[in-house]
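Given next are the chains, with one letter for each unit.
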Amino acid sequence: MNALLKVALAKGRLLEPTRELFRRIGAPVGVGEDPASRRLVVPSEDGALAFLFVKPADVPVYVGSGAADLGVTGTDVLRETEADVLEPLALGFGSCRMVVASPHDVPFPSLPSGVTPRVATKYPRLTRAFFADTGLGVEVITVAGSVEVAPLLGLAHWIVDLVDTGRTLRENGLVERVKILDVGAVVVVNRASQKLKLELHQKLLAKLQEASRKA
Ligand code: PRP
């Protein structure tokens, strides 16, 4: 791969606004024009960047290890993985919040008769840290997605998950109880790469900053 900078992009809900951002700086992520494409590594039109499409939670892994020079992902997965990366720019899209939620009839912050709450989440580390801070003893159950189904089927009493419009909670009869974290899309950069390719990073970051300010 001869591109000067490798950029890890999060698949899923951040991908479209991220593609729009790179379109605005004149480095469109070409393959996205074809929704049927399954290519996972594509060059920008000028060949200066190579885009890798990975799961959001894997962006900090690729960037932290140096497999990618930089990436775009959400602060939810970034805080969860605690990757040792630079975080030079908040992009102003992908805003949502991480919350504790439960069904209407399942109380929070404690259950009757001293039952230990079971909490289902994709964010076990952040969930444990939050409940450790509040002093509530909970059992954390890690699931990979569709977390809202867990209380409906009795897997968990509460969930910790992201809320954007609130529709998923509403349609599954869940109530937001408390916010844990504000979440948004950010640029993350590998520390060593930033030193070795300083000028390239500075130029790209300046363009991204400018484009995200105008958006
Ligand atoms: C996210 C999140 C919630 C939902 C919130 O899930 O985990 O389920 O979006 O959005 P809303 O408040 O606008 O309804 P996503 O669609 O990314 O899928 P996943 O749960 O399978 O990860």
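Up top you'll find the structure we're talking about.
Residues numbered from 1 in each chain as written. Predicted model: local features only at pLDDT ≥ 70, side-chain atom pairs only at ≥ 80, totals over all residues. Heavy atoms only, no water.

**Some remarks on the side chain of Ser193**
Counted only if it meets this: In DSSP terms, a helix is any run of H or I states spanning at least four residues, a strand is any run of E spanning at least two, and both are numbered starting from the N terminus. Any residue under 20% of the maximum accessible area for its type is buried, any over 50% is exposed, and the rest in between are partly exposed; the area is computed with a 1.4 Å probe on protein chains only. Identification of polar contacts relies on pairs of N or O atoms within 3.5 Å, with a donor-acceptor requirement for protein atoms, meaning one able to donate a hydrogen and the other able to accept it, and with residues adjacent in sequence counted only if both atoms are side-chain atoms. The criterion used for residue contact is that any of the two residues' heavy atoms lie within 4.5 Å.
Here Ser193 lies in helix α7 (residues 191-196). Accessibility expressed as a relative area gives 7% for Ser193, which makes it buried. A polar side-chain atom of Ser193 sits 2.7 Å from a polar atom in the side chain of Asp69. Among residues more than four places away in sequence, those in contact with Ser193 are Asp69, Leu198 and His201.

**Comments concerning the nonpolar core**
Convention followed: Nonpolar core, defined: a set of buried Ala, Val, Leu, Ile, Met, Phe, Trp, Tyr and Cys residues in which side-chain atoms within 4.5 Å join the residues together.
In this structure, Leu9, Phe22 and Phe51 are the most contacted members of the largest nonpolar core, which totals 25 residues. Where this core is concerned, the elements lending two or more residues are β1 (5-10), α1 (15-24), β3 (49-54), β4 (70-74), β11 (185-189) and α8 (198-214). For Phe22, the contacting residues outside a window of four places in its chain are Val7, Leu9, Ala27, Pro28, Val29, Leu49, Phe51, Val72, Leu204 and Leu208. Of all hydrophobic cores here, the second largest spans 14 residues; its members include Leu126, Phe130, Phe131 and Trp158.

**Thoughts on the sheet that holds β3**
Inclusion rule: Each pair of strands is called paired provided DSSP finds at least two bridges between the two strands. Helix axes are fitted only over the stretch in contact, all axes being lines through C-alpha atoms; the angle between N-to-C directions runs from 0 to 180 degrees.
Reading across from one edge, β2-β3-β1-β4-β11-β5 is the order of the 6 strands in this open sheet, with mixed pairing throughout. Bordering the open sheet on either side are β2 (41-43) and β5 (86-90), each of which pairs with just one other strand. Between one strand axis and the next, the sheet turns by 25 degrees as a mean value, whatever way the strands run. In this structure, β5 lies alongside β11, joined through 3 bridges in antiparallel fashion. Across the sheet, residue Ala90 finds its bridge partner in β11, namely Val186. Set on the sheet, α1 makes contact with β1, β3 and β4; between it and β1 the angle comes to about 145 degrees. The strands touched by α8 are β1, β3, β4, β5 and β11; relative to β5, the strand with the most contacts, the crossing angle is about 30 degrees.

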